[in-house]
Amino acid sequence: MSPPLRLLIGAGLLVTAGLLLRWWLRGMGRSALLRFRSRIDRFKLVDRRQVHERLLADPIVRDAIEAYAAAEGVSVATATARARGYAEEIVPGFSVVSYYKVAYNLAALLTRTFYRVSATGHERVSAARTPRRDALVYVMNHRSNIDSAVLTYVLAGEVSISYAVGEWARTWPLEGLFKSFGSYFLRRGYPEPLYHAVLARYVALITSNRVTQALYPEGGLTRDGCLRSPKLGLLDYIFAALTDPEFDGEIWVVPVGINYDRVLEDRTLVRELLVGATPLSRWDQLRGVIGFLSLNLARLLGGQRRRVGRVAIRFGRPIGARAWFASEAPEALGAERAARRTAVQRLAEQAMAEIAANVPVTPVPFVAAGILSFPGSVVSRARLVERLHDLHATLEGSLDPQGLSVEELLDRASRTFRVRRWVVADGDQLVILPNARPLLEYYANSIRHLLPPAIRWALSPTVDDDPSLPRLAIRSGR
């Protein structure tokens, strides 16, 4: 056989293999959609290059390009190339197969392996019942790096979600993987106006095209367990879609509260606030996570899977952004960004208040708050049960799971306390071990805003019988 013929046959085989692979992937995508019957936002399927061109043709981005060229003394072509680079960095390439065959299965494996999962309140707003002309934006408190996995798992049968992902994921192979899930990347604290113009117009573009999004208004993980004040950047970009004449729908801001009996990275987060502690290096953090996952994977493979507790999600009352601006600040949407900031701040604070009201109270935070409401490190079990009965009456509507007695909640939390060596029983007394107080504080702080004022004040580590014990640094707003 002559070399040209062999080359021709090889090329034909490659083309055939490519067509078969494409056919197979399309079949997988169709089977995933039939299985989940979820809503796919059509704009996610638009070719990335078309999205790039739309961004670069946007008048606001063009003005930013010209301003950058003038400020930096470069040509408009050079400034345009820089803007294109930002667009390529930000814009994802959504794949149905990646989202439902990879992202969902990873989220399900992680969530089911470690937790008992519950989700309530979703009937308040359902993607299946939301008109196609409207956009959904889930806003959620940020407790763990796996919050997005839990939300993806819970909502997989309804809708695919685009997340805003930080720079930590811009490494191979995570970057390509997250982009195939439909996530877009953002640089936190990056000052360049041209970058923010591209990011802002992209977020407004996907919102006006009804792409379902999820974000964390706090801007990052809580270190002390308390809720943080909202940041306005992404929310402001989202609400800018309301000024698009082609978008006549509503933007539903859906508050979501999440809480855990165990946050997988709790020790690393708490260590950052320990008075006098040396922060862990990235390698030590990674080694701890790998060790924890390896141990539990070995248990899983050995048929000894042991969940670490409960994760609960509660969906709050949705807020219609267009209706809110029409009634509360009708002049804000047409104003410059600085002028509308006050209105966006008010709406963001209302969303955070809804999130706070819907944070579930799982057994570990519930009992941790009860124990820390007493001074010192030794607590009478009888007095604790009495205090927990009082808390139960106050928090009954927020407890998850519902219907458990105080004794059952205490028993569930006590298993975690024993395994993690936080609290030990000494006759009729419970003793808080020296290194456990900061972690107990971290979990109690997750429901701090729901507690009666007297108990909330008692949780503040302002008075301690032994100031040498490990303790969290006090942050403002607590």
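Cut-offs and rules
Each chain has its residues counted from 1, following the order in which its sequence is written. Local features are withheld for residues below a pLDDT of 70 in this predicted model, meaning they are given only at 70 or higher, and side-chain atom pairs are given and counted only at 80 or more; totals for whole chains, interfaces and linings count all residues. Water and hydrogen atoms play no part in the side-chain values, which are based on all heavy atoms of the structure. For the purposes of this entry, the term helix denotes a DSSP run of H or I that reaches at least four residues, the term strand denotes a run of E that reaches at least two, and both are numbered from the N terminus. We call two residues in contact when some of their heavy atoms are within 4.5 Å. Angles here are taken between N-to-C directions and fall from 0 to 180 degrees, while the axes themselves are lines fitted to C-alpha atoms, restricted in helices to the stretch in contact. We call two directions roughly parallel when the angle between them is under 35 degrees, roughly antiparallel when it is over 145, roughly perpendicular when it lies between 65 and 115, and oblique otherwise. Working rule for handedness: look at the near helix, and if it is turned counterclockwise from the far one by less than a right angle, call the crossing left-handed; if clockwise, right-handed. Residues are grouped as follows: nonpolar covers Ala, Val, Leu, Ile, Met, Phe, Trp, Tyr, Cys and Pro; charged covers Asp, Glu, Lys and Arg; every other residue, Gly included, is treated as polar. For two strands to count as paired, DSSP must find a minimum of two bridges between them. A patch consists of residues whose relative accessible area exceeds 30% and which take part in no salt bridge; residues with like charges are grouped when within 9 Å of each other, and nonpolar side chains (Val, Leu, Ile, Met, Phe, Trp, Tyr) when within 5 Å. Areas reported as accessible are Shrake-Rupley estimates using a 1.4 Å probe. Residue values count occlusion only from the protein chains shown. The working definition used for a salt bridge is a side-chain nitrogen of Lys or Arg within 4 Å of a carboxyl oxygen of Asp or Glu. The rule is simple: take the accessible area with a 1.4 Å probe, protein chains only, and divide by the maximum for that residue type; under 20% is buried, over 50% is exposed, in between is partly exposed. Aromatic pairs are defined between Phe, Tyr and Trp rings, using the six-membered ring for Trp, whenever the two ring centres lie within 6.5 Å; interplanar angles under 30 degrees are classed as stacked, those over 60 as edge-to-face, and all others as tilted. For a Lys NZ or an Arg CZ to count as sitting over a ring, it must be within 6 Å of the ring centre and within 35 degrees of the ring normal. Pairing of N or O atoms within 3.5 Å defines a polar contact, subject to two protein rules: one partner must be a possible hydrogen donor and the other a possible acceptor, and residues neighboring in sequence count only if both atoms are side-chain atoms. Expected helix span is computed as 1.5 Å times (number of residues minus one). It is the directions from the helix axis to the C-beta atoms whose arc is reported.

(A) Expanded view of the overall build of the protein. When its secondary structure is counted, the protein shows 18 helices and eleven strands. Within the protein, residue pairs in contact and separated by at least 24 positions form 78% of the contacts whose partners lie at least 6 positions apart.

(B) How the structure looks around the packing of helix H5 (residues 96-114) against helix H6 (residues 147-155). Two elements in contact, H5 and H6, have axes separated by 8 Å at closest approach and are oriented at 110°. Of the possible angle classes, the one that applies to H5 and H6 is roughly perpendicular. At the point where H5 passes H6, the crossing takes the left-handed sense. For the pair H5 and H6, contact is made by Tyr99, Tyr104, Ala107, Ala108, Leu110, Thr111 and Arg112 and by Ala149, Val150, Thr152 and Tyr153, respectively. For the contact of H5 with H6, the per-class residue count stands at eight nonpolar, two polar and one charged.

(C) Representation of the pairing of strand E10 (residues 423-426) within the structure. Pairing analysis gives four bridges linking E10 to strand E11 (residues 429-432), with the strands arranged antiparallel. Residue pairing for E11: Ala425 is matched across the bridge by Leu430. Taking the residues between adjacent antiparallel strands as the criterion, E10 and E11 are bridged by two residues, where Gly427 takes a positive phi near 70°.

(D) View of the sheet that holds E11. If you trace the three strands from one edge of the open sheet to the other, you get E9-E11-E10, paired in antiparallel fashion. Of all the strands in the sheet, just strand E9 (378-380) and E10 have a single pairing partner and so form its edges. When the angles between neighbouring strand axes are averaged without regard to direction, this sheet yields 30°.

(E) Representation of a nonpolar patch on the surface within the structure. A cluster of nonpolar residues, Val102, Leu106 and Leu177, forms a patch on the protein surface that exposes about 210 Å² of accessible area. For Leu106, a relative accessible area of 47% puts it in the partly exposed group.

(F) Spatial organisation of the pattern of salt bridges. Counted under the stated rule, the structure contains 16 salt bridges. For Arg310, the salt bridge is made with Asp400, and the minimal N-O distance between the two is 2.6 Å. Separated by 90 residues along the polypeptide, Arg310 in strand E7 (residues 309-315) and Asp400 in the loop between helix H15 (381-395) and helix H16 (406-419) bring together distant segments of the chain. The pair formed by Arg310 and Asp400 is uniform in burial state, with each residue classed as buried. A cluster of three or more residues bridged by salt bridges with shared partners is formed by Arg133, Arg210 and Asp248.

(G) Representation of helix H14 (residues 363-372) in the model. Counting buried positions along H14 yields ten of ten residues, so the element is predominantly enclosed. Of the positions making up H14, those classed as buried are Pro363, Val364, Pro365, Phe366, Val367, Ala368, Ala369, Gly370, Ile371 and Leu372.

(H) Representation of the packing of aromatic side chains within the structure. For the structure on display, the rule yields 15 aromatic pairs. Geometrically, the ring pair formed by Trp324 and Phe325 is edge-to-face, given 5.2 Å between the ring centres and 90° between the ring planes. Among the residues examined, Trp324 registers a relative accessible area of 9% and is labelled buried. Of the residues examined, Phe325 reaches a relative accessible area of 2% and is grouped as buried. In this structure an aromatic cluster arises from ring pairing among Phe417, Trp422, Tyr442 and Tyr443. The lysine or arginine in question, Arg187, covers the ring of Tyr195, its NZ or CZ lying 5.6 Å from the ring centre. A cation sits over an aromatic face here: Arg387 above Phe374, 4.4 Å from the ring centre.

(I) Layout of unusual backbone geometry. The amide bond that connects Asp400 to the next residue, Pro401, takes the cis arrangement and shows omega of 10°. Among the secondary structure elements, Pro401 is positioned in the loop between H15 and H16. Positive phi, close to 65°, is recorded for Arg210, a residue that is not glycine. Along the chain, Arg210 falls in the loop between helix H8 (193-208) and strand E5 (213-215). Residues other than glycine seldom take positive phi values, yet Arg421 does so here, at roughly 60°. By the secondary structure assignment, Arg421 is in the loop between H16 and E10.

(J) Representation of the packing of helix H2 (residues 48-57) against helix H3 (residues 59-72) in the model. Their axes nearest at 5 Å, the elements H2 and H3 cross at an angle of 65°. With respect to each other, H2 and H3 are oriented roughly perpendicular. Side by side, H2 and H3 meet where Leu55, Leu56 and Ala57 of the first sit next to Pro59, Val61, Arg62 and Ile65 of the second. When its residues are assigned to classes, the contact of H2 with H3 shows six nonpolar, no polar and one charged.

(K) Summary view of the side chain of Arg314. Inspection of the secondary structure puts Arg314 in strand E7. At 3.3 Å, the side chain of Arg314 and the side chain of Thr120 are in polar contact. Residues within four places of Arg314 in sequence aside, it is in contact with Thr120, Pro255, Val256, Gly257, Asn358, Pro360, Gly397, Ser398, Leu399, Asp400 and Gln402.

(L) Geometry of the environment of Met140. Looking at the element boundaries, Met140 is found in strand E2 (residues 135-140). The exposure class of Met140 is buried, given its relative accessible area of 1%. Counting along the chain gives 75 residues from Met140 to Leu215, while the straight-line C-alpha distance between them is 6.5 Å. Non-local contacts of Met140, meaning those with residues more than four positions away in its chain, are made with Asp147, Leu151, Leu215, Tyr216, Pro217, Glu218, Val256, Ile258, Ile313 and Ile355.

(M) Here's a closer look at H15. In this model, H15 (15 residues) spans 20 Å end to end at C-alpha, consistent with the 21 Å of a helix rising 1.5 Å per residue. Every buried residue of H15 is accounted for by Leu384, Val385, Leu388, Leu391, His392 and Leu395. Along the axis of H15, the buried residues cluster in a sector spanning 120°; they form a single face. Along H15, the residues that are exposed and aim more than 90 degrees away from the buried face are Ala382, Glu386 and Ala393. In this fold, the buried residues of H15 make contact with H14, E9, H16, E11 and helix H18 (453-458).

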